[in-house]
Structure formats: structure tokens, C-alpha cells
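# Analysis of the macromolecular model
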Amino acid sequence: MVRIVTVITAVHAPGAKYLPAAYKSLTEQELPNGWEWQWVIQEDGETDAVAPYVPEDDRVSFGQGRAGRAAMARTMGLSRVRGEYIKVLDADDMLTPGTLARDIAALADGEIGWTTSRVLDLLPDGSTVGFDQDPPAGPIEMCAVLDHWKAHDYRAQVHPATLCMRRDLVLALGGWMALPASEDTGLLLALNAVSRGWFHAETGLLYRKWPGQVTSQAAHTHEGEREARMAVVEARARALAALPGWRFGSADPG
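Predicted, not measured: the structure shown is a model, and the values here were computed from it. (Residues numbered from 1 in each chain as written. Predicted model: local features only at pLDDT ≥ 70, side-chain atom pairs only at ≥ 80, totals over all residues. Heavy atoms only, no water.)

## Points about unusual backbone geometry
Selection criterion: Runs of E in the DSSP output that reach at least two residues are strands. Runs of H or I that reach at least four are helices, and both are numbered from the N terminus.
At R69, a residue that is not glycine, the phi angle is positive and equals roughly 80°. With respect to the helices, strands and loops of the structure, R69 is situated in the loop between strand 3 (60-65) and helix 2 (70-77). Positive phi, normally seen in glycine, also occurs at D153, with a value near 55°. Tracing the backbone through its elements, the reader meets D153 in the loop between helix 4 (144-151) and strand 9 (164-166).

## Description of the pairing of strand 10 (residues 196-208)
What counts here: A pair of strands is considered paired only if DSSP assigns at least 2 bridges between the two.
Taken together, the two bridges between strand 5 (residues 94-95) and strand 10 define a ladder with antiparallel strand orientation. Directly across from L95, in strand 10, lies its bridge partner L205. Bridge count for strand 6 (residues 112-122) against strand 10 is 10 bridges, and the pairing is parallel. Bridged to L120 within strand 10 is L206. Across three bridges, strand 8 (residues 138-140) lies against strand 10 in antiparallel orientation. The residue of strand 10 that forms the bridge with G138 is F199.

## Observations concerning helix 4
Here is the rule we go by: Each residue's exposure class comes from its accessible area (1.4 Å probe, protein chains only) as a fraction of the maximum for that residue type: buried when under 20%, exposed when over 50%, partly exposed otherwise. This arc corresponds to the set of directions leading from the helix axis out to the C-beta atoms. Here, residues are in contact when the closest pair of their heavy atoms is within 4.5 Å.
The complete set of buried residues in helix 4 reads V145, L146, H148 and W149. Each buried residue of helix 4 lies within a common arc of 165° when the element is viewed along its axis, so the set occupies one face. On its buried face, helix 4 is in contact with strand 6, strand 8, helix 6 (183-194) and helix 7 (223-242). Looking one or two residues beyond helix 4, the residue adopting positive phi is D153, at roughly 55°.

## Notes on the environment of Y18
In this structure, Y18 sits in the loop between strand 1 (3-11) and helix 1 (19-27). Separated by 72 residues in the primary sequence, Y18 and D90 place their C-alpha atoms 9.6 Å from one another. Setting aside chain neighbours within four positions, we find Y18 in contact with A91, D92, R208 and W210.

## Re the nonpolar core
Heads up, the rule is: The criterion is simple. A nonpolar core is a set of buried Ala, Val, Leu, Ile, Met, Phe, Trp, Tyr and Cys residues joined through side-chain atoms within 4.5 Å.
Counting residues in each nonpolar core, the largest one holds 37 residues, and the members touching the most others are W114, V145, W149, M165, W176 and L191. For this core, the elements supplying multiple residues, two or more each, are strand 4 (85-88), helix 4, helix 5 (167-172), helix 6 and helix 7. Setting aside chain neighbours within four positions, we find M165 in contact with E84, Y85, I86, V88, L107, G113, W114, V170, W176, L187 and L191. If you look at the next biggest cluster of nonpolar residues, it comprises 28 residues, including Y23, W39, Y85 and L89.

## Looking at the pairing of strand 1
We apply this condition: Call a crossover right-handed when, viewed with both strands pointing away from you, the route from the first strand across the helix to the second goes clockwise.
Judged by how many residues are buried, strand 1 sits mostly within the fold: eight of nine residues are covered. Taken together, the nine bridges between strand 1 and strand 2 (residues 35-44) define a ladder with parallel strand orientation. Paired with I4 across the strands is E36, a residue of strand 2. Crossover handedness for the path strand 1 to helix 1 to strand 2: right-handed. By the bridge criterion, four bridges tie strand 1 to strand 4 in an arrangement that is parallel. Note that in strand 4 the partner of T6 across the bridge is I86.

## What about the packing of aromatic side chains?
Cut-off, in case you're wondering: Here a pair means two rings of Phe, Tyr or Trp (six-membered ring of Trp) with centres within 6.5 Å. Their orientation is stacked below 30 degrees between planes, edge-to-face above 60, and tilted elsewhere.
Within this structure, the stated rule accounts for three aromatic pairs. Taking 5.4 Å as the distance between ring centres and 20° as the angle between the ring planes, the aromatic pair formed by W35 and Y85 counts as stacked. Here Y85 lies in strand 4 and W35 lies in strand 2, a separation of 50 residues in the sequence. W35 gets classed as buried once you look at its relative accessible area, which sits at 12%. By relative accessible area, Y85 is classed as buried at 4%. For the pair W149 and Y154, a centre-to-centre distance of 4.9 Å together with 50° between the ring planes defines the contact as tilted.

Following this line, the structure appears as C-alpha cells:
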């Protein structure tokens with residue numbers, strides 16, 4: 001029986017030109033015996049600008065829908081997910097060789113609900129820059145990300161763009177938060193509130209920096225909106241952590 005890890009990508013028209021590079025990084029993945037990948041691409045909108053960049057590959061599923069930003073696009077894409085694990089890949093980013101195999105190996109531990117990995121920022125000139133505060137490789141205990149994020153001006157020690165998650169957990173948590181940004185951080189903190197994670201010290205993602213990305217826009221750092229986003233992200237995570245019996249992979253739900 002073939003097992004599947006689904007890679008899910010939200011894309012809008014300005015970022016479509018990077019899809020071929022993302023696809024190349026997928027084709028270079030070597031999976032364990034008995035595993036295959038599926039790529040679910042969901043356009044945030046209904047234009048003619050994205051489809052020409054979607055590769056012709058039976059493993060690729062492309063869909064469109066009303067524009068509503070990345071959270072809605074990814075959640076709509078969940079309707080076509082066939083894998084037991086869901087890997088995030090933004091349209092303008094690239095996986096490094098071995099990433100999916102490492103994620104699959106970590107999630108084989110029934111106590112682990114999600115994984116993240118080291119990230120390198122890919123700058124326009126082709127150079128890369130790393131993050132100097134990565135946590136140690138290995139397990140991440142419940143609420144550890146929330147505590148660090150709160151203590152470091154809403155910056156987590158692991159990157160939500162590298163998440164690989166159990167599909168049942170993603171669905172149980174309602175997917176990505178309905179926010180204009182930070183929707184992936186919201187899911188990361190929700191996952192960490194109810195399950196242990198795993199951090200890979202090996203670089204798993206090249207995170208492209210370019211002028212058109214959403215996080216480079218002025219609205220992303222607007223103080224009022226940012227404070228509102230962070231408030232609801234924190235409130236959701238703390239509410240989940242406080243729910244009695246809502247723990248993944250624990251014999252003692254506490």
C-alpha cells in the first residue's frame with residue numbers, strides 16, 4: 001500500500017513565476033520505500049496567470065477559488081489532500097534535498113504531531129542568511145513555542161513555513177487561522193498547544209526574499225493590525241492548551 005505526504009501550496013498571481021523552482025525542489029526529494037508525494041496547488045483567486053506555471057504531472061492537483069488570502073486558499077486546498085501528512089510549501093520557496101524523508105521519519109513517532117526545520121533566507125542576489133537562534137535538534141515540548149514567541153516580541157524559534165503535520169491534527173484544529181497574515185503562526189502555536197513537535201537542525205527550506213511577497217508589504221507590520229493578529233493567535237493557543245483532555249499522543253491526557 002502506497003502512503004502519501006501531501007505538499008500544499010497557496011499561490012497568487014505575482015508569485016506564480018516561482019512555481020517551477022518549487023516543483024524542481026519537489027522532484028529532487030527521495031522518499032522512503034512505499035511513499036509518494038502529492039502536490040496540492042490552490043490559487044488565491046481565479047485568474048489566468050497561475051495555470052501556465054503549473055507542471056503537467058499526475059501528482060499535481062491545481063484548483064482556484066475566490067480570493068481571500070493564503071489561509072483560505074490552503075483551507076480550500078484541504079479538500080483535495082490525500083496524504084496522511086501535510087507539508088507546507090509557499091509558492092516562492094524551495095525544499096532542500098532530504099526534507100520530506102526527514103519529516104516522515106520524525107512523524108513515525110506516535111508522540112510527535114508536527115515537525116519544523118532550519119531555514120535559510122534566499123536573497124535576491126542568490127546568497128543565503130541563516131537564523132542564529134535555532135533550538136536544539138529534537139523534540140519540542142507542548143507550549144514551548146508559545147512561551148518563546150510571547151517572550152521574544154511575537155517571534156517563534158521555529159518557522160511555520162517549514163511545518164509538516166498530521167492531517168488529522170490540521171483538520172481538528174480548523175486549519176489555518178482566518179487572518180490577513182500570521183495565519184501559519186496561528187496554526188503552529190495551536191499545534192504546539194496540543195502536541196509535541198520536532199525540530200530538524202538540517203536546513204529544510206530556502207525562504208525566498210523578494211519585493212512582492214506578502215510579508216514585505218507595509219500592511220504586514222501595521223501596529224494596530226499586528227497587535228490584533230497576535231492577540232487572537234495567543235488567545236486561541238492558550239484556550240486549546242487549557243482544554244481538558246485535548247492532547248495528542250499522550251497516554252495521560254492531563
